[in-house]
Amino acid sequence: MAESGSSGEESKKLQLYSYWRSSCAFRVRIALNLKGLEYEYKAVNLLKGEQTNPEYLKLNPLGYVPTLVDGDAVIADSFAIIMYLEEKYPQRALLPQDLQRRAINYQAANIVAANIQPLQNLAVLRYIQEKVGPNETTPWVQNHMRKGFEALEKLLKDYAGKYATGNEVYMADLFLAPQIHAAINRFEVDMNQFPTLLRVFEAYQKLPAFQDAMPEKQPDATA
């Protein structure tokens, strides 16, 4: 696993085990940026199988990314990490005070985290490629993305403002941005059929916290 940073003061920072192309890690990078938290980026190369190294499995027994280390606290899973950051580092809230809009944020995030992203991860795509055929992975992902995006479009159309649930960036946006980015740049999904999602995604492009978290800007990014 590649590392950035040095010893001493750097070791006191938050540590994020990440892979540049992981949309789950992308979410957490946005959250860290929005909250202004410095962190040490520790690259885990999924293509090389570094997530199965015994030293990494001690941190994250599932062998996924991301994993956050904050002193003695080790948190795996992007949803859990973002909730941990929200509760421990309350600056720049990632959830609205209004309970109904908060629930919409949870729902939108969960549609992405439970019903779209897992069906496009590396292990699933390798399984589809092996068991069904190498030309079936993209149609598989596109089908499940469209289903999820249809639900999100209906859910958010009455709540969206500049961003997914109003005129402030909240948790739903952290989950939407990486998912739409992957849909456009990796899986060739036509987002014009989801005008609300496309509009908020375009708004994210103007935000430094989102731009600095982009996959291609990470230290382990490859062409």
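Residues numbered from 1 in each chain as written. Predicted model: local features only at pLDDT ≥ 70, side-chain atom pairs only at ≥ 80, totals over all residues. Heavy atoms only, no water.

Visitor: Give me the lowdown on the environment of Ala103, citing residues and values where you can.
Guide: Within the fold, Ala103 resides in helix α4 (residues 99-116). Look at Ala103 and you get partly exposed, because its relative accessible area is 38%. Separated by 100 residues in sequence, Ala103 and Ala203 have C-alpha atoms that sit 22 Å apart. (Helix = DSSP H or I, 4+ residues; strand = E, 2+ residues; numbered from the N terminus. Buried < 20%, exposed > 50% of the residue type's maximum accessible area, 1.4 Å probe, protein only.)

Visitor: I'd love a proper account of the UniProt feature "domain: GST N-terminal" (unreviewed entry) in the protein chain, names of residues and values included.
Guide: Per the UniProt record, "domain: GST N-terminal" (unreviewed entry) is found at residues 12-93. Annotated as residues 12-93, this span is 35% helix and 22% strand, and its ends, taken at the C-alpha atoms, are 23 Å apart. (UniProt positions renumbered as here; feature names shortened; annotations may be inferred.)

Visitor: Describe helix α1 (residues 23-34), listing the residues and the values that go with them.
Guide: The terminal C-alpha atoms of α1 lie 17 Å apart, and with 12 residues this matches the ideal 16 Å at 1.5 Å per residue to within 8%. With 11 of its 12 residues buried, α1 lies for the most part within the structure. Those residues of α1 that fall on the buried side of the exposure criterion are Ser23, Cys24, Ala25, Phe26, Arg27, Val28, Arg29, Ile30, Ala31, Leu32 and Leu34. If you follow the buried residues of α1, they end up packed against β1 (14-18), β2 (39-43), α3 (78-88), α4, α7 (171-185) and α9 (208-211). (Expected span 1.5 Å × (residues − 1). Contact = heavy atoms within 4.5 Å.)

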